[in-house]
Amino acid sequence: MYKLLIRPFLFLLDPEKVHHLSFTIIKLLSKIGFSGFFRFLYLIDDERLEREVFGIKFKNPVGLAAGFDKNAKLYNELSNFGFGFIEIGTVTPKPQIGNPKKRLFRLKADQAIINRMGFNNLGVFEVIDNLKGKHNVIIGGNIGKNKITPNNLATKDYLICFDALFDHVDYFVVNVSSPNTPGLRELQDKEPLTALLIALKRENQVYAQNKQVIEKPILLKIAPDLTDEQLLDIIQIVEDTRIDGIIATNTTIARENLKSDCVLVKEKGGLSGKPLTNRSTEVIRFLSEKSNKAFPIIGVGGIHSAEDAIEKLEAGADLIQLWTGFVYEGPALVNQINKAILAKS
């Protein structure tokens, strides 16, 4: 029904306006009693789907990637569509409006999206107010730096977000791979990245000791545009800093072999969706094989079918996340993936 009736209507409208409209509709339907209906349609409760990764038990391995529920406004309602975990953010210390509109583009011929949102969010301290309610699902906190913060002061921004979110999320994701904040990807270089992750690990240890709680897992989200040499550096950085895992991958700045109108293709920003399927899987496989599965990997990028998801899991991903595939295929995709995983168990 989504692909035949709902999506054609939504795709007539501006993508960013549709995103806000969808939130309003989902929130309203949930308030008037549709939550149980959504769970009946999409949720699969089966212990064979459970996964324990970096010390957290997930009800199933299919999550919603960061960027969808940036400000943690809809995580419980979205969990009714069958997700095993929801990643909020990217959040920054101060609120920021992001890049000028128009900044979100559908490439329908490629089943893709280009975005240059620019970490638009309410700021971490308003976001934690939205996280103070009861969580029905595992929550990841994706953290970044403000656009106005120079890279030599970036660590302070990440530490502010880390401290603020510590009591409200189950794991952290360090985002240094978005192409939409000028200079951010320079933090992926070995020296600054190592220093940033060591600072976060140290803060994790101190915070946990002071509160007499366990440390929160810290993951790094990487770009799909890294070379093999850079990916080998990532493996070494994970070993040196002892962070808990990798999310592979973020959006790409590549534009090869696209079918959409050249005006759309030339838009600046990160490309997600079907064109990223193969490259993200290649990165997952490379990291898994070259590290001898030394750390967990969350696979994301171009998952539009159960087959895409299975391929990433077989390549070495422990969990997977959806974003653009969820937009194009609808919530039934979560159910289809979990059914496919059960069929192979």
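Let us look at the structure shown here.

**A few points about helix α7 (residues 228-241)**
Given a rise of 1.5 Å per residue, 14 residues ought to cover 20 Å, and the 20 Å separating the end C-alpha atoms of α7 matches this to within 8%. All of the buried residues along α7 are Leu 231, Ile 234, Ile 235, Ile 237, Val 238 and Thr 241. For α7, the angular spread of the buried residues around the axis is 160°, confining them to a single face. Residues of α7 that are exposed and angled more than 90 degrees away from the buried face: Glu 229 and Glu 239. Looking at the buried positions of α7, the neighbouring elements they touch are α6 (190-211), β9 (218-222), β10 (245-248) and α9 (277-290). Among the residues trailing α7, Arg 242 stands out with phi positive, at a value near 60°.

**Thoughts on the side chain of Ser 291**
For Ser 291, the position within the fold is in the loop between α9 and β12 (297-300). In this structure Ser 291 touches Ile 235 and Phe 286, once residues within four positions along its chain are discounted.

**Points about the packing of aromatic side chains**
In this structure the tally under the stated criterion is 18 aromatic pairs. Ring geometry for Tyr 42 and Phe 81: centres 5.7 Å apart, planes at 55°, overall tilted. With a gap of 39 residues between them, Tyr 42 in helix α2 (residues 15-42) and Phe 81 in the loop between α3 (75-79) and β4 (85-91) connect regions that are remote in the sequence. Judged by its relative accessible area of 16%, Tyr 42 falls in the buried class. Since its relative accessible area comes to 6%, Phe 81 is described here as buried.

**Here we look at the packing of helix α10 (residues 306-315) against helix α12 (residues 332-344)**
For the pair α10 and α12, the least separation of the axes is 8 Å and the interaxial angle reads 50°. Judged on the interaxial angle alone, α12 and α10 are oblique. The interaxial crossing formed by α10 with α12 has right-handed handedness. Contact residues: α10 offers Ala 306, Ala 309, Ile 310, Leu 313 and Glu 314, while α12 offers Leu 333, Gln 336, Ile 337, Ala 340, Ile 341 and Lys 344. Here the contact of α10 with α12 is built from residues that sort into 8 nonpolar, 1 polar and 2 charged.

**Concerning the pairing of β4**
Across the 7 residues of β4, 7 count as buried, placing the element largely inside the fold. Relative to β4, strand β3 (residues 62-64) is paired through 2 bridges, and the arrangement is parallel. Along β4, the bridge assignment pairs Gly 63 with Phe 85. Alignment of β4 against strand β7 (residues 138-143), held across 5 bridges, turns out to be parallel. Paired with Val 91 across the bridge in β7 is Ile 143.

Here is what the cut-offs are and how they apply
Residues numbered from 1 in each chain as written. Predicted model: local features only at pLDDT ≥ 70, side-chain atom pairs only at ≥ 80, totals over all residues. Heavy atoms only, no water. Helix = DSSP H or I, 4+ residues; strand = E, 2+ residues; numbered from the N terminus. Expected span 1.5 Å × (residues − 1). Buried < 20%, exposed > 50% of the residue type's maximum accessible area, 1.4 Å probe, protein only. Arc of directions from axis to C-beta. Contact = heavy atoms within 4.5 Å. Phe/Tyr/Trp six-rings, centres within 6.5 Å; stacked < 30°, edge-to-face > 60°. Axes fitted to C-alpha atoms, helices over the stretch in contact; angles between N-to-C directions. Parallel < 35°, antiparallel > 145°, perpendicular 65-115°, else oblique. Left-handed = near helix turned anticlockwise from the far one by under 90°. Nonpolar A, V, L, I, M, F, W, Y, C, P; charged D, E, K, R; others polar. Pairing = 2+ DSSP bridges.

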